[in-house]
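# A structural walkthrough
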Amino acid sequence: MTVEIEERAEEEDWIVERVSFDATYGGERVTVFVFLPKAGVAESPYPAAVVFPGSGVIHQRGNDAGARRRVPEWLVKSGRAVVFPIYKGTLDRGGELTTDQPSETNRYRDYARMWAQDLSRTLDYLETRDDIDSERLAYWGTSWGGRMAPLMLAVEPRFETAVLYVAGLKFQRALPEADPFNYVTRVTLPVLMINGRNDFFFPLETSQRPLFELLGTPEADKKWVVYDGGHSVPRTQRIKESLDWLDRYLGP
C-alpha cells in the first residue's frame, strides 16, 4: 500500500491530516481525513472513530469541506481521533452514483462492495500508525452510514463497538450479497443506536426497531435511545450518550 500524507495542519479544534493510499480495486486512490486531538488533550495512541456519513456526500463536492462539516468536533476534543474516508461515489470521488437507495442491480452491489473495501482499507492504514490504537476502533454511522452498518460490521471484524445515529433498515431491497438485512444478525459487537421518534426516513416501529432487535449483539451490549424529534436528536443528549458509550467500550 503506497501512502502519501498530502497535508497536515494544526487548527483551532484539532490537527488534521489529508492522507491518500491505494484502493483495492481499479487502480484508484482513497483519500482519508484524520482528525487528531491537540497537544494536552490526550496521549497517543488515540482510540479512533471511523465515519460512514449520511448520503449528502453523494451529491456534494469538495472533500475538505465535506469531511469537516460531518466530523463531530466534540469527539476529537474528548481525546479520540476521528477518521473520515472518502468512499467510492462520494464527494470528489463522485459522479456516476446519484442515490443511496438500494436496488436489485449489479451496479448497486458493486458499489456496496467498494464501500466495504474502502472501509477495510482504511483500517489497514490505521494499523500502520503509531498514534492510533487500532485495537480501540469504533464505527460511527450516521443515517446512510447507520443503514449500511450491518453489512460493514459483519464483514469487518476489527471494530470494538459502533454508534449508529438516526439509523434504520430500508424497505427497498438489494441483491442478497448487498442487502444489510441479510447481515444484521451476524453483528455481535456492542452497538448504541440514537434515534428520533418521528423520523420520516426510518420510522420507529417498521425500520428502527427491526434493526435493533435483529442485531446479534447480546442484550447487555446493545442500547437503543429514542428522543422526540425527526431525523435528528438534541445535540446535548447525543453527545452525552455517545461519550458514555465510548468510555464504556473503548476506555475513557
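Described in the following lines is the structure provided in the data block. If you're wondering where the values come from, they're calculated on a predicted model, not measured in any experiment.

### Details of the overall build of the protein
Along its length, the protein carries eight helices and nine strands. A globule of 252 residues ought to have a C-alpha radius of gyration of about 18 Å, and the protein, at 17 Å, matches this closely. Structurally, the protein occupies a C-alpha span of about 45 × 40 × 30 Å along its principal axes. Within the protein, buried positions represent 55% of all 252 residues. Here the contacts in the protein between residues at least 6 apart in sequence split such that 72% fall between residues at least 24 apart. Total accessible area on the protein stands at roughly 10700 Å², and carbon and sulfur atoms take up 47% of it. Taking the average location of the 31 positive side-chain charges in the protein and that of its 38 negative ones, the two points are 4 Å from each other.

### Comments concerning the pairing of strand β1 (residues 3-10)
Judged from the seven bridges that link them, β1 and strand β2 (residues 15-22) form a sheet pairing that is antiparallel. When the sheet's bridge partners are listed, A9 is paired in β2 with V16. The antiparallel pairing of β1 with β2 creates a hairpin that spans four residues between the two strands.

### What about the pattern of salt bridges?
A full pass over the atoms with the stated rule returns 31 salt bridges. Note that E156 is salt-bridged to R158, the shortest N-O span being 2.8 Å. The buried category is assigned to E156, whose relative accessible area is 4%. Between E213 and R209 there is a salt bridge; the shortest N-O distance is 3.5 Å. Linking E213 with R209, this pair stays in helix α7 (residues 204-214), spanning four residues, or about one helical turn.

### Quick notes on the packing of aromatic side chains
In the structure shown here, the tally under the stated rule is 12 aromatic pairs. Ring geometry for F52 against W144: centres 4.9 Å apart, planes inclined by 80 degrees, an arrangement best described as edge-to-face. With F52 in strand β4 (residues 46-52) and W144 in helix α5 (residues 144-147), this residue pair connects regions lying 92 residues apart in the sequence. Residue classification places F52 among the buried residues on the basis of a relative accessible area of 0%. Of the aromatic side chains, those joined through ring pairs into one cluster are F52, Y87, Y108, Y111, W115 and W144. Lying over the aromatic face of F212, K222 brings its terminal NZ or CZ to 4.9 Å of the ring centre.

### Considerations on helix α8 (residues 235-250)
The α-helix winds at 3.6 residues per turn, so residues separated by three or four positions along the chain end up facing the same way. In this model α8 runs 22 Å from its N-terminal to its C-terminal C-alpha over 16 residues, within 8% of the 22 Å that 1.5 Å per residue would give. Residues R238, I239, E241, S242, L243, W245, L246, Y249 and L250 constitute the buried set of α8. In this structure, the buried residues of α8 make contact with β4, α3 (73-77), β6 (132-142), β7 (161-165), β8 (191-196) and β9 (222-227). Among the residues trailing α8, G251 stands out with phi positive, at a value near 95 degrees.

About the cut-offs
Residues numbered from 1 in each chain as written. Predicted model: local features only at pLDDT ≥ 70, side-chain atom pairs only at ≥ 80, totals over all residues. Heavy atoms only, no water. Helix = DSSP H or I, 4+ residues; strand = E, 2+ residues; numbered from the N terminus. Rg over C-alpha atoms; globule rule 2.2 N^0.38 Å. Buried < 20%, exposed > 50% of the residue type's maximum accessible area, 1.4 Å probe, protein only. Contact = heavy atoms within 4.5 Å. Areas by Shrake-Rupley, 256 points an atom, 1.4 Å probe, with all protein chains shown as cover. Lys, Arg positive; Asp, Glu negative; His and termini not counted. Charge placed at Lys NZ, Arg CZ, Asp CG, Glu CD. Pairing = 2+ DSSP bridges. Salt bridge = Lys/Arg side-chain N within 4 Å of Asp/Glu carboxyl O. Phe/Tyr/Trp six-rings, centres within 6.5 Å; stacked < 30°, edge-to-face > 60°. Lys NZ or Arg CZ within 6 Å of the ring centre and 35° of its normal. Expected span 1.5 Å × (residues − 1).

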